[in-house]
Amino acid sequence: MIRTIRPDPIQGGALASPNASTRAPLSACVLAGLSTLTGPFHGAASKLLLMLMQDAKKIGSQQALSQWLSRGQPLPTFGQPLYPEGDPRAASLLAQFRPSDMFAEICSVAEVMTGELPNIDFALAALADAYALPADSPFIIFALGRVVGWIAHSLE
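In this report, we go over the structure that sits alongside the text.

**Some details on the overall build of the protein**
At step 1: The helix and strand tally for the protein stands at seven helices and zero strands.
At step 2: Written out in order from the N terminus, the α and β elements of the protein read α-α-α-α-α-α-α.
At step 3: Put simply, the protein has 156 residues, and 39% of those count as buried.
At step 4: Counted over contacts in the protein with a minimum sequence separation of 6, partners at least 24 positions apart contribute 69%.

**Side note on a nonpolar patch on the surface**
At step 1: Judged by side-chain polarity, Tyr131, Leu133 and Ile141 come together as a nonpolar surface patch covering roughly 280 Å² of accessible area.
At step 2: As for its placement among the helices and strands, Leu133 is situated in the loop between α6 (120-130) and α7 (137-155).
At step 3: Here Leu133 falls in the partly exposed class, since its relative accessible area comes to 36%.

**Some words on the packing of aromatic side chains**
At step 1: Following the criterion strictly, the structure yields three aromatic pairs and no others.
At step 2: The interplanar angle of 55 degrees and the centroid separation of 5.1 Å between the aromatic rings of Phe78 and Phe122 together place this pair among those described as tilted. With Phe78 in the loop between α3 (61-70) and α4 (88-94) and Phe122 in helix α6, the pair connects residues that are 44 residues apart, well separated along the chain.

Reading the values: the criteria
Residues numbered from 1 in each chain as written. Predicted model: local features only at pLDDT ≥ 70, side-chain atom pairs only at ≥ 80, totals over all residues. Heavy atoms only, no water. Helix = DSSP H or I, 4+ residues; strand = E, 2+ residues; numbered from the N terminus. Buried < 20%, exposed > 50% of the residue type's maximum accessible area, 1.4 Å probe, protein only. Contact = heavy atoms within 4.5 Å. Patch = residues over 30% accessible without salt bridge, like charges linked within 9 Å, V, L, I, M, F, W, Y side chains within 5 Å. Areas by Shrake-Rupley, 256 points an atom, 1.4 Å probe, with all protein chains shown as cover. Salt bridge = Lys/Arg side-chain N within 4 Å of Asp/Glu carboxyl O. Phe/Tyr/Trp six-rings, centres within 6.5 Å; stacked < 30°, edge-to-face > 60°.

Right, dumping it as structure tokens:
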């Protein structure tokens, strides 16, 4: 039987398909999967958002977002191609707590400027901020959910 751990397409790492079919140790397969999360669409997204937030605190949200967009870069943590009507994971999580005023403002300005809604990475960053969690918490929380799924899939 060939076993494969494949990040589902929702996570944005679907092109990385670490294979357990080589009989590599499970830990190596999980490590390969985690490596796919270090890109700007998930792992680095919340860090990029924090950089954007620092700029927003200095020069205002609208100006910070305008500068970001003028560089031709998509806003980190906004939009999810699989959810054109908005990421339900983000909506569900954001409904469970009150994001800080700065997160709420960035969210509002971003939606007006781009039409994009926050994705799960935004919600996790807002959660980490609201509960004073360590800066790398959004990545860890996201990755934890994926690792559990990858292990289960690999063991099938």
